[in-house]
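Fold and geometry: a report
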Amino acid sequence: MRIGPLPPAARALGPDLARGFMLLFIALANTHYFVRGTSYLGGYPADGTAPDRAVTWLLSTFVDGRSFPLFGLLFGYGVARVVERQQERGRKGVRRLLRRRALVLIAVGLVDAMLFYIGDILGAYGMLLLIGSLMVYWRARWLVLTAVLFLIVNVLPSPDWSTISRSGPDASMLPPDLIAMLVERAPVALFVAGLGPIGFLPLFAAGLLAGRVRLLERPDQFRRLLPAVAVTGAGIAVAGAQPIALMLAGVITPPAQPVQELAGALHSGTGMLGGIGYAALFALSARRWAADQQTPGRRPGALVTAIAATGQRSMSCYLMQSVTWAVVFTPFLLNLSGTLTVTTTALLATATWSLTVLIADRMRRSGIRGPFENLTRHLTYRGTAPGRRRWAGPGACAAANPG
């Protein structure tokens, strides 16, 4: 029996489309932290122009703290689909393979963090997969309990919320030379990889549950649930972001510290619900475009197909972003962190994502899979018996990708 990757035509559109589009939000969420200013609030220079303040409001409302939760959910979703397919094929040792893949992710993530982008999430995803490999056979009630418990942990008020931080880019983000880069980034990379899973566990557990019922792949079976989740989740996320978003945009004066901490907790908690709402929205969109595939003479547009191809290669496309940030912002390279603004870095992020979409679509047309997806798969199954080296399924790459 062949256990290779599914052909692209057999993959579910919803998860791939969500991963591909949300890479744009990941790019937007990452780049503004590089911008230099005289003072900072929530990762944004506080002395921006009117367009900068408008972009800040948009990003803090729709992007910051909303895109990473979606990737956490998709990650858990993909792992659940992988486990189910292995059970259907009677294959044992799935946890061992998940742990092996987790170690590969940790290694790739640490290299990315040390050499390119210190905010890398692949290492944290690898640690999350190590933990998640213990959870894949848990009953639903234990997954719900875990999601609720860690959601509470993640939204406890704290002065360390990034949304109210007054610190700007440090030497780990903008190192003056190569030696300083390695010295400054090593402890940060290990810290992020070690504690990162705490922030993703609620959505990872929710993704395991959603993957078991194939929520994102069978929208017709959940045609009442998905619209309710999409509207409620996205609506709560937008409303819950406003105290922070208006503060960062300079519309309201920052209140006392305890109130800021409560606002940060609200921003984070509603962002997790927003990630679930975004996932439902993409599932509904995929349902419409999948219907076009079934209609003679109609098919999803070229842009939809290209974005889905990006989602199928999300790990490779994510790492392309890291290389771009390193080249553009590192002081001993192009050193544009003092030149670009919040607005122009948002344009840079959009242009970078657009380029990865073009590259991914070209790879799709040529029948080329993502190089880092192939590398991860090869290292995961290295030394296994012939014919049993790989597994796949809709979302199988999610166990290797950042989403």
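Right above here is the structure, for reference.
Residues numbered from 1 in each chain as written. Predicted model: local features only at pLDDT ≥ 70, side-chain atom pairs only at ≥ 80, totals over all residues. Heavy atoms only, no water.

Let us look at the overall build of the protein. Of regular secondary structure, the protein possesses 13 helices and 2 strands. The burial tally for the protein puts 53% of its 403 residues in the buried class. Relative to all contacts within the protein whose residues are 6 or more apart in sequence, the contacts with residues 24 or more apart total 83%. With the model as given, the accessible surface of the protein reaches about 17200 Å², and the carbon-plus-sulfur share is 66%. (Helix = DSSP H or I, 4+ residues; strand = E, 2+ residues; numbered from the N terminus. Buried < 20%, exposed > 50% of the residue type's maximum accessible area, 1.4 Å probe, protein only. Contact = heavy atoms within 4.5 Å. Areas by Shrake-Rupley, 256 points an atom, 1.4 Å probe, with all protein chains shown as cover.)

Before going further, it helps to spend a moment on the side chain of Asp-16. You can see Asp-16 is positioned in helix H1 (residues 13–31). At a separation of 2.7 Å, a polar atom in the side chain of Asp-16 contacts the side chain of Arg-19. (Polar contact = N/O pair within 3.5 Å; in protein donor to acceptor, adjacent residues only side chain to side chain.)

The subject of this paragraph is helix H5 (residues 122–132). Of all 11 residues in H5, 8 are buried, a share of seventy percent or more. Buried residues of H5: Leu-122, Gly-123, Ala-124, Tyr-125, Gly-126, Leu-128, Leu-129 and Gly-132, and no others. The secondary structure elements touched by the buried residues of H5 are helix H3 (67–88), helix H4 (94–115), helix H7 (178–213) and helix H11 (314–329).

Moving on, we come to the pattern of salt bridges. One pass over the full model with this rule turns up 6 salt bridges. A salt bridge links Glu-217 to Arg-81; the shortest N-O distance between them is 3.1 Å. With Glu-217 in the loop between H7 and helix H8 (225–248) and Arg-81 in helix H3, this pair connects stretches of sequence that are 136 residues apart. In terms of burial, Glu-217 and Arg-81 fall into one category: buried. A salt bridge links Glu-217 to Arg-214; the nearest nitrogen and oxygen atoms lie 3.0 Å apart. Arg-214 matches Glu-217 in its accessibility class, with the two residues each being buried. Salt bridges sharing common partners tie together Arg-81, Glu-84, Arg-214 and Glu-217. (Salt bridge = Lys/Arg side-chain N within 4 Å of Asp/Glu carboxyl O.)

Before going further, it helps to spend a moment on the environment of Pro-159. Topologically, Pro-159 is positioned in the loop between helix H6 (140–154) and H7. Residue classification places Pro-159 among the exposed residues on the basis of a relative accessible area of 52%. Sequence-wise, Pro-159 and Gln-257 are 98 residues apart; in three dimensions their C-alpha atoms are separated by 7.7 Å. The contacts of Pro-159, once residues within four sequence positions are left out, are Ile-164, Gln-257 and Glu-261.

The next point concerns the layout of surface pockets. There is about 1800 Å³ of room inside the largest pocket. Lining the largest pocket are 49 residues, and of these Tyr-33, Asp-160, Trp-161, Ser-162 and Val-192 sit closest to its centre. In terms of residue count, the dominant contributor to the lining of the largest pocket is H7 (9 residues). Of the residues that constitute the lining of the largest pocket, the class distribution is 26 nonpolar, 19 polar and 4 charged. (1 Å grid on protein atoms, 1.4 Å probe; cavity = no way out; pocket = protein on both sides within 12 Å on 5 of 7 lines; lining within 4 Å. Points joined across faces, edges and corners; volume = space filled by probe spheres on them. Nonpolar A, V, L, I, M, F, W, Y, C, P; charged D, E, K, R; others polar.)

Below, the discussion takes up H3. Over its 22 residues, H3 extends 32 Å from the first C-alpha to the last, a length consistent with the 32 Å expected when each residue adds 1.5 Å. In terms of burial, H3 is largely enclosed, as 19 of its 22 residues are buried. (Expected span 1.5 Å × (residues − 1).)

Next up on the list: the nonpolar core. The biggest cluster of nonpolar side chains holds 96 residues, and the ones touching the most others in it are Leu-28, Val-79, Leu-208, Tyr-318, Trp-325 and Phe-329. No other element matches H1, which puts 11 residues into this core. Each residue touching Leu-208, except ones within four places of it in the same chain, is listed here: Gly-76, Tyr-77, Val-79, Ala-80, Met-135, Val-136 and Leu-143. (Core = buried A, V, L, I, M, F, W, Y, C linked by side-chain atoms within 4.5 Å.)

Before going further, it helps to examine empty space enclosed by the protein. For the structure on display, the rule yields 1 cavity of 30 Å³ or more. In this model, the largest cavity occupies a volume close to 50 Å³. Along its surface, the largest cavity is lined by Gly-109, Leu-110, Ala-113, Ile-118, Asp-120, Gly-123, Ala-124, Ala-189, Val-192 and Ala-193.

The subject of this paragraph is the packing of aromatic side chains. Taken as a whole, this structure holds 10 aromatic pairs when the rule is applied. Between Phe-34 and Phe-329 the ring centres are 4.4 Å apart and the planes differ by 0°, which places this aromatic pair in the stacked class. Here Phe-329 lies in helix H11 and Phe-34 lies in the loop between H1 and strand E1 (40–41), a separation of 295 residues in the sequence. For Phe-34, a relative accessible area of 3% translates into the label buried. Measuring from ring centre to ring centre gives 5.8 Å for Phe-75 and Phe-204, while their planes differ by 45°; the resulting arrangement is tilted. Here the residue Phe-75 occupies a position in helix H3, and Phe-204 occupies one in helix H7, the gap between them amounting to 129 residues. Accessibility expressed as a relative area gives 0% for Phe-75, which makes it buried. A residue is classified by how much of its surface remains accessible, and Phe-204, at 0% relative accessible area, is buried. Members of the aromatic cluster, connected to one another through ring pairs, are Phe-21, Phe-25, Tyr-278, Phe-282 and Trp-353. (Phe/Tyr/Trp six-rings, centres within 6.5 Å; stacked < 30°, edge-to-face > 60°.)

Fair warning: the whole summary comes from geometry, so function is off the table for now.
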